[in-house]
Number of protein chains: 2
Amino acid sequence: MTINAYDESMPESRTVPARFPVTVDVVALTVADDAMNVLLITRLLEPFRGRLALPGGFVLPGEDLITAAARELAEETGVEHVPGHLEQLGSYGPKGRDPRGDVLTVAHLLLAPNFPVLSAGSDAKHAAWYPVHQVLDGGLRLAFDHERILADAVERAKSKLEYSPLGAVFCDKEFTVAQLRAVYEAVWGTRLDPRNFHRKATGTSGFLEDTGRVTTGDAGRPAALFRLAPAARPAPGQPTRAVLNPPLMRPPP
Amino acid sequence: MTINAYDESMPESRTVPARFPVTVDVVALTVADDAMNVLLITRLLEPFRGRLALPGGFVLPGEDLITAAARELAEETGVEHVPGHLEQLGSYGPKGRDPRGDVLTVAHLLLAPNFPVLSAGSDAKHAAWYPVHQVLDGGLRLAFDHERILADAVERAKSKLEYSPLGAVFCDKEFTVAQLRAVYEAVWGTRLDPRNFHRKATGTSGFLEDTGRVTTGDAGRPAALFRLAPAARPAPGQPTRAVLNPPLMRPPP
DNA sequence: GCAAAAGTGTTCCTCATACACCCATGC
DNA sequence: GCATGGGTGTATGAGGAACACTTTTGC
């Protein structure tokens, strides 16, 4: 553990600066059953014992925030590598969000395809996917201020789809235009014209890359399979470039 | 000071969680002399003694982040109230950004009209405005990772102008369309057609409100004075609504 | 053949761009 | 008058919205 020298030399103040426990929380979003889902764990200890909460935990000394978020996600879901796009969402606190005292949390946003989580029972915490609307509209209450963090995360996800290629990170490695459209419809809660969406998605240079393969076995004409173009692939934890120019507009409610 | 109970009861871990000093930094941006300027202080103590740095300081127990940012801004510049729009930018660290140890900082972004800062000499720190390009393009080096934070803040400011009414917070209470346009030109580093900008700005409902008064004394025809419409006025610290729909597009470089 | 989904073409309309032109002041 | 900046009108073109139509599969 790194020893800080603040207790001896204080440049900004004459008193010793306060120290706070710092946690990272991860809002993992995916699209399943035509709806946005969020990964939640069941708390087994106080406070908020029995309540659902976002996965997360304390930052360790000598650790970066994004690293801590990836580590906590791995520990609580069993995934070995970050399965999608992980970025920082924002910080909350430290005042008044934990009954035990001042705790600062740095929330992160993970956009990923529907990945299987650790089976319940193999660990102290049950992790599972829940439809987002059950939390934000239904009466499902979360621990701490996690409902507010989730609401902010959902709003961020919605706006990200407009100007960044991140809609594709909800899909598998290879996907059809219809599957990609289903993601946008689920996240925005609207219907999009299949024909216009197809033209916009395939016509945006640097967004989709044709694999040459097609689907088979489904009803109707086979669909071409695409993957995210290399230029649009998000670097881990780093800012996403806006390749959708002009943006894919979200229709007004 | 609030006493945390983590040392006795540890729900997420068997060891005592690490505690970190947490600072808030403020990237105060304004437009002056047709360029974006940033408020910097001169460090009088180690580390980085003599270097320029963003204003900021330690979060106090029982304090919120946005409150701490406003307090530090007030302490280091002498302004009594927040002179513009203040929002959270993002968190950095805690690893490897302070030679003395792990310090987490939560950076904030202030967009404000050019306000006078505390005169040097009356306080331990000199605060003054510096052109942003002197830091990002010129060789002016900042303390800690403040150059990176400034770069992120500038990028955020640029994109904010596209879809939010925040360009107006760089202006005074009442301003002309030409003054507003000068803000956009300074932030984006481009020239905008005065006629088309005028139509777009005045034609966007819920953005500008005509005061009925006009300028006088300048060369040319008097210009109408506007203020930011109530619907577009940003709530302190809270998300800004996108009233510019479709957005004011930033022309390609 | 028929249903279903993929994909293309076409029309209409909004809006960004470019720029000609007029308006109201200082000098 | 003339220069200067404020503000309006208008033609052009790119692109979004809506939808008719063709293509290719499963049954």
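Just so it is clear, the structure is predicted and the values come from calculations on it, not from any experiment. (Residues numbered from 1 in each chain as written. Chains lettered and ligands numbered in written order. Predicted model: local features only at pLDDT ≥ 70, side-chain atom pairs only at ≥ 80, totals over all residues. Heavy atoms only, no water.)

K.L.:
So what exactly am I meant to see when it comes to the protein's contact with DNA strand C here?
P.N.:
R195(A), A224(A), R195(B), N196(B) and K200(B) are the nearest of the 21 residues found near DNA strand C. Here A224(A) contributes a backbone N or O atom positioned 2.9 Å from a phosphate oxygen of DNA strand C. A distance of 3.3 Å separates a base nitrogen of DNA strand C from a polar atom in the side chain of R195(B). Take the surface near DNA strand C: its biggest share by element is 4 residues, from helix α5 (residues 194-203) of chain B. Here the surface near DNA strand C is composed, by residue class, of 7 nonpolar, 4 polar and 10 charged. (Near = heavy atom within 4 Å. Polar contact = N/O pair within 3.5 Å; in protein donor to acceptor, adjacent residues only side chain to side chain. Helix = DSSP H or I, 4+ residues; strand = E, 2+ residues; numbered from the N terminus. Nonpolar A, V, L, I, M, F, W, Y, C, P; charged D, E, K, R; others polar.)

K.L.:
What should I look at first to understand the protein's contact with DNA strand D in this one?
P.N.:
Around DNA strand D, a shell composed of 21 residues is seen, among which R195(A), N196(A), R195(B), G220(B) and R221(B) lie nearest. Looking at DNA strand D alone, sugar and phosphate atoms form 50% of those within 4 Å of the protein. A distance of 2.9 Å separates a phosphate oxygen of DNA strand D from a polar side-chain atom of K200(A). The separation between a base oxygen of DNA strand D and a polar side-chain atom of R199(B) is 3.2 Å. Secondary structure elements with two or more residues in the surface near DNA strand D: α5 (194-203) of chain A together with α4 (177-188) and α5 of chain B.

K.L.:
I would appreciate a short explanation of unusual backbone geometry in the present structure.
P.N.:
Residues other than glycine predominantly adopt negative phi, and peptide bonds predominantly adopt the trans conformation. Residues and elements named next belong to chain A. Positive phi values are uncommon outside glycine, yet D34 reaches one of about 60°. One can find D34 in the loop between β1 (19-32) and β2 (35-42). With relative accessibility at 65%, the residue D34 sits in the exposed group. Positive phi is not limited to glycine here, since F144 has a value of about 50°. (Buried < 20%, exposed > 50% of the residue type's maximum accessible area, 1.4 Å probe, protein only.)

K.L.:
Sorry, what's going on with the side chain of H85(A) here?
P.N.:
Checked against the element boundaries, H85(A) lands in strand β5 (residues 85-92). There is a polar contact of 3.0 Å between the side chain of H85(A) and the side chain of E87(A).

K.L.:
Whenever I open this one, the packing of helix α3 (residues 146-163) of chain A against helix α4 (residues 177-188) of chain A confuses me. Can you help?
P.N.:
Relative placement of two packed helices is described by the angle separating their axes and the distance separating the axes. Residues and elements named next belong to chain A. Where α3 contacts α4, the axes come no closer than 9 Å and their chain directions differ by 140°. One finds that α3 runs oblique with respect to α4. The chirality of how α3 crosses α4 is left-handed. Contact residues: A157, K158, L161 and E162 in α3; V183, Y184, V187 and W188 in α4. Split by residue class, the contact of α3 with α4 holds 6 nonpolar, no polar and 2 charged. (Axes fitted to C-alpha atoms, helices over the stretch in contact; angles between N-to-C directions. Parallel < 35°, antiparallel > 145°, perpendicular 65-115°, else oblique. Left-handed = near helix turned anticlockwise from the far one by under 90°. Contact = heavy atoms within 4.5 Å.)

K.L.:
What is the right way to look at the domain arrangement of chain A in this model?
P.N.:
The extent of an interface is frequently quoted as the accessible surface area lost upon association of the parts. Residues and elements named next belong to chain A. Split into domains, chain A comes out as domain 1 (17-160) and domain 2 (164-232). With centres defined by C-alpha atoms, the gap from domain 1 to domain 2 works out at 28 Å. Each partner contributes residues to the interface: domain 1 has 13 residues there, and domain 2 has 10 residues. Carbon and sulfur atoms make up 69% of the surface buried where domain 1 meets domain 2, a total of about 1000 Å² over both sides. Of all residues in domain 1, the largest losses of buried area upon contact with domain 2 belong to V31, K158 and K160, amounting jointly to 43% of the total for that side. Linking domain 1 with domain 2 are 0 salt bridges. Where domain 1 touches domain 2, the interface holds 1 residue pair in polar contact (both at pLDDT 80 or more). For the side of domain 1 that touches domain 2, the secondary structure elements donating two or more residues are β1, β2 and α3. Split by residue class, the side of domain 1 that touches domain 2 holds 8 nonpolar, 2 polar and 3 charged. (Domains from an automatic or database assignment. Buried area = accessible area lost by both parts, 1.4 Å probe. Salt bridge = Lys/Arg side-chain N within 4 Å of Asp/Glu carboxyl O.)

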